[in-house]
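In case you want the letters, here they are:
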Amino acid sequence: MRLDHVVQNGSRALVDGRFRLACLLEALTCLTPRSGRVLLHDFAPDERGLRARSAQYGRALEFYRVVARDNTLVTLQPRAFVNSSLREMAASDALREAI
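Quick look at the structure, then. All figures in this text were calculated on a predicted structure; none of them were measured in a lab. Going along each chain's sequence as written, the residues are numbered from 1 onward. Reporting of local features is limited, given that this is a predicted model, to residues whose pLDDT is at least 70; pairs of side-chain atoms are given and counted only at 80 or more, and all residues count toward the totals for whole chains, interfaces and linings. To get the side-chain values, all heavy atoms of the structure are used, and hydrogens and water are removed first.

This part takes up the pairing of strand 4 (residues 73-78). A 1.4 Å probe rolled over the protein chains alone gives each residue an accessible area, and that area as a share of the maximum for its type sets the label: buried under 20%, exposed over 50%, partly exposed in between. Note on conventions: DSSP H or I runs of at least 4 residues are helices, E runs of at least 2 residues are strands, and numbering of each starts at the N terminus. When you tally the buried positions in strand 4, you get five out of six residues, the bulk of the element. Pairing analysis gives three bridges linking strand 2 (residues 37-40) to strand 4, with the strands arranged antiparallel. Its bridge partner lying in strand 4, Leu40 is registered against Val74. At least two DSSP bridges between two strands are required for those strands to pair. Pairing between strand 3 (residues 64-70) and strand 4: six bridges, direction antiparallel. Across the sheet, residue Asp70 finds its bridge partner in strand 4, namely Leu73.

In structure tokens:
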């Protein structure tokens, strides 16, 4: 199933599980910067994946800004101007790492 069939009207998406960065970057193609939001679970890095997860979430914050946080659940809003070439390169890199 393609993400654009799941996200209706550029509104909301939930990201949890593996390949979070790749999912976040794919969601950018469906969400509107003004009203679109992503709920991201387990935003706080765990001890096992501290460096890898921190690097991936740091990369995600190049494309999103945090608008709310409750423990490890964050709400992200797409930044107004996203370079599609950078997003595609980041997404390609993210598919190599399951975090």
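Once you've had a look at it, read on.
Here the focus is the pattern of salt bridges. Salt-bridge detection follows one rule: a side-chain nitrogen of Lys or Arg within 4 Å of a carboxyl oxygen of Asp or Glu. Tallied over the full model, the rule gives three salt bridges. Between Arg20 and Asp16 there is a salt bridge; the shortest N-O distance is 3.1 Å. Its salt-bridge partner being Asp42, residue Arg20 comes within 3.3 Å of it at the nearest N-O pair. A residue pair is termed long-range when its members are at least 10 positions apart, and Arg20 in helix 2 (residues 20-27) and Asp42 in the loop between strand 2 and helix 3 (50-60) qualify at 22 residues. Given a relative accessible area of 4%, Arg20 falls into the buried group.

Turning our eyes to something else, we now look at helix 4 (residues 84-94). Among all positions of helix 4, only Arg87, Ala90, Ala91 and Ala94 are buried. Mapping the buried residues of helix 4 onto a view down its axis gives an arc of 100 degrees, with all of them on the same face. What the arc describes is the spread of directions from the helix axis to the C-beta atoms.

With mixed pairing, four strands are arranged side by side in an open sheet as 1-2-4-3. The open sheet is flanked by strand 1 (12-15) and strand 3, the only strands paired with a single partner. With strand direction ignored, the average angle separating the axes of adjacent strands in the sheet is 25 degrees. With four bridges connecting them, strand 1 and strand 2 associate as parallel partners. Its bridge partner being in strand 2, Arg12 is matched across the sheet by Arg37. Note on contacts: a residue pair is in contact if any heavy atoms of the two residues lie within 4.5 Å. Axes here mean lines fitted to C-alpha atoms, for a helix over just the part in contact, with angles spanning 0 to 180 degrees between N-to-C directions. Against the sheet, helix 2 makes contact with strand 1, strand 2, strand 3 and strand 4, and its axis sits at roughly 170 degrees relative to strand 2, the strand it touches most.

The next subject is the environment of Ser35. Position of Ser35 relative to the elements: it lies in the loop between helix 2 and strand 2. Among the residues examined, Ser35 registers a relative accessible area of 37% and is labelled partly exposed. C-alpha separation for the pair Ser35 and Ser11, spaced 24 residues apart in sequence, amounts to 6.2 Å. Between N or O atoms, a polar contact is any pair within 3.5 Å; within protein, one atom must be a potential hydrogen donor and the other a potential acceptor, and residues adjacent in sequence are included only when both atoms are from side chains. A distance of 2.9 Å separates the side chain of Ser35 from the side chain of Thr32, its partner in a polar contact.

Turning our attention to a nonpolar patch on the surface. A surface patch of nonpolar side chains, about 260 Å² in accessible area, is lined by Leu14, Leu39 and Leu73. Residue position: Leu73 is located in strand 4. A relative accessible area of 33% means that Leu73 is categorised as partly exposed. Patch rule: a residue counts if its relative accessible area is over 30% and it has no salt bridge; like charges are joined within 9 Å, and nonpolar side chains (Val, Leu, Ile, Met, Phe, Trp, Tyr) within 5 Å. Using the Shrake-Rupley algorithm and a 1.4 Å probe, accessible areas are obtained, with residue cover drawn only from the displayed protein chains.

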